[in-house]
Amino acid sequence: ADIPLVSASATTKIVPAAVKRLPPVTTNVPDRREPLKGYTKGMIKTMTAANSIPHFGYCDEVNMGELVALRNQLKKSSADYGVKLTFMPFFIKAASVALTQFPIVNSSLDVASETILYKGSHNIGLAMDTKIGLIVPNVKNVQQLSILEIAAELNRLQEVGLKGSLKTEDITGGTFTLSNIGSIGGTYMKPVIMPPEVAIGAIGKIQVLPRFDSNGNVVRSQMLNVSWSADHRILDGATMARFSNLWKSYLENPASLLLYLK
Ligand code: CAO
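The rules behind each value
Residues numbered from 1 in each chain as written. Predicted model: local features only at pLDDT ≥ 70, side-chain atom pairs only at ≥ 80, totals over all residues. Heavy atoms only, no water. Helix = DSSP H or I, 4+ residues; strand = E, 2+ residues; numbered from the N terminus. Contact = heavy atoms within 4.5 Å. Buried < 20%, exposed > 50% of the residue type's maximum accessible area, 1.4 Å probe, protein only. Axes fitted to C-alpha atoms, helices over the stretch in contact; angles between N-to-C directions. Parallel < 35°, antiparallel > 145°, perpendicular 65-115°, else oblique. Left-handed = near helix turned anticlockwise from the far one by under 90°. Pairing = 2+ DSSP bridges. Phe/Tyr/Trp six-rings, centres within 6.5 Å; stacked < 30°, edge-to-face > 60°.

Enquirer: Would you mind going over the side chain of Lys248 in detail, with residue names and values included?
Expert: Its location among the elements puts Lys248 in helix H7 (residues 237-252). Aside from chain neighbours lying at most four places away, what touches Lys248 is Asp60, Glu61 and Val62.

Enquirer: For unusual backbone geometry, give the residues involved together with the corresponding values.
Expert: At the junction of Pro195 and Pro196, the peptide bond is cis and its omega measures out at 10° in the coordinates. Relative to the helices and strands, Pro196 is located in the loop between strand E8 (176-180) and strand E9 (199-203). In this structure, Glu114 is a non-glycine residue whose phi angle is positive, near 50°. For Glu114, the location among the structural elements is in the loop between strand E2 (107-110) and strand E3 (115-118). Although it is not a glycine, Asn141 adopts a positive phi angle of roughly 50°. Inspection of the secondary structure puts Asn141 in the loop between strand E7 (138-139) and helix H5 (147-163). Judged by relative accessible area, Asn141 falls into the partly exposed class, the value being 25%.

Enquirer: Go over the packing of helix H4 (residues 88-101) against H7 with me, naming the residues and quoting the values.
Expert: Close contact between H4 and H7 brings their axes to 9 Å; oriented N to C, the two are set at 135°. The pairing of H4 with H7 is recorded here as oblique in orientation. For the crossing formed where H4 meets H7, the hand is right-handed. In contact with Phe90, Phe91, Ala94, Ala95, Val97, Ala98, Leu99 and Gln101 of H4, H7 contributes Phe243, Leu246, Trp247, Tyr250 and Leu251.

Enquirer: Help me get a handle on the pairing of E9, residues and values and all.
Expert: For E9, the tally of buried residues reaches five of five residues, placing the bulk of the element in the interior. Side chains Ala199, Gly201 and Ile203 project from E9 onto one buried face, and the interleaved Ile200 and Ala202 project onto a second face that is buried too. In the sheet, E8 pairs with E9 via four bridges, with the strands oriented parallel. Paired with Leu178 across the bridge in E9 is Gly201. The pairing of E9 with strand E11 (residues 218-231) spans five bridges and is classified as antiparallel. Bridge pairing in E11 links Ala199 to Ala230.

Enquirer: With reference to specific residues and values, describe the packing of aromatic side chains.
Expert: By the definition in use, this model includes eight aromatic pairs. On the basis of an interplanar angle of 85° and a centroid distance of 6.2 Å, the ring pair of Phe102 and Phe243 is categorised as edge-to-face. Linking Phe102 in the loop between H4 and E2 with Phe243 in helix H7, this pair joins segments that are 141 residues apart in sequence. Judged on exposure class, the residue Phe102 and its partner Phe243 are both buried. Considering the side-chain rings of Phe176 and Trp228, the 6.1 Å spacing of their centres and the 45° angle between planes classify their relative orientation as tilted. Taken together, the positions of Phe176 in strand E8 and Trp228 in strand E11 put the pair 52 residues apart, joining distant regions of the chain. Here Phe176 and Trp228 have matching classes, each one buried. Every member of this aromatic cluster is reached through a ring pair, and the members are Phe87, Phe91, Phe102, Phe176, Trp228, Phe243 and Trp247.

Next up, the structure:
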């Protein structure tokens with residue numbers, strides 16, 4: 001049987017009929033000015049600062065077949081604990097294990113003191129789409145957490161985030177960010193780094209596509225795209241490619257992650 005890859009809402013076709021009420025027909029809509037507030041104000045500040053970072057991009061695709069099957073197996077056990085298990089906890093844990101090998105991807109550049117600060121904690125941020133705008137809470141100390149614990153913390157952040165009541169500690173202290181736009185749609189993206197971090201990854205939607213297996217046969221494959229942006233002042237393409245290869249290897253062979261779980 002086909003495994004559902006995205007929620008019904010994410011796969012629902014967008015048809016004009018979905019717009020319940022026709023917009024009023026008028027050619028005379030006056031301009032409207034609205035004061036900036038809340039998270040939008042914060043986003044202006046952060047993204048303007050991000051603009052001073054020389055970004056470079058690196059993209060790849062990941063075969064999600066094994067992870068899709070594994071998550072399906074584990075969903076029920078997680079639900080027994082009242083925890084919803086999506087792909088995010090795996091993306092986050094795989095990133096943390098890969099960051100252990102590439103600490104510079106989890107660092108900050110201090111231009112004034114000409115130093116690089118390697119962060120001990122993997123506080124992995126996730127871009128979250130809420131009614132009040134984009135917010136980026138982070139899961140603290142992912143290096144110490146099981147996948148179930150990450151999932152539980154994500155559930156909490158999502159619940160509190162959707163209510164608009166995240167605490168300052170939830171949205172500060174991030175050291176690396178992932179943006180799963182794939183829960184909405186899309187393949188590639190051009191994510192913007194959250195200063196003082198030095199890298200961010202954007203994840204597209206899992207798609208069923210034809211790919212060749214090792215025997216040269218075309219097989220039905222569940223493919224996911226990742227788009228990294230990194231600070232080219234201290235990171236180079238080769239480092240990001242190696243980091244991405246490692247992250248990808250944990251997702252393509254999720255059993256290999258077991259070796260590093262605490
Ligand atoms: N491909 C396929 N399916 C995906 C998917 C992907 N990339 N990402 C999520 N899904 C699935 C989930 O597994 C879940 O499926 P089930 O219902 O079968 O369990 C379903 O879609 C809904 O997931 P979710 O969105 O509730 O949870 P999540 O942990 O995957 O993602 C969050 C959480 C907060 C990252 C997401 O809700 C969100 O806000 N994404 C948007 C991020 C964004 O706006 N980025 C842009 C920032 S720059 O402007």
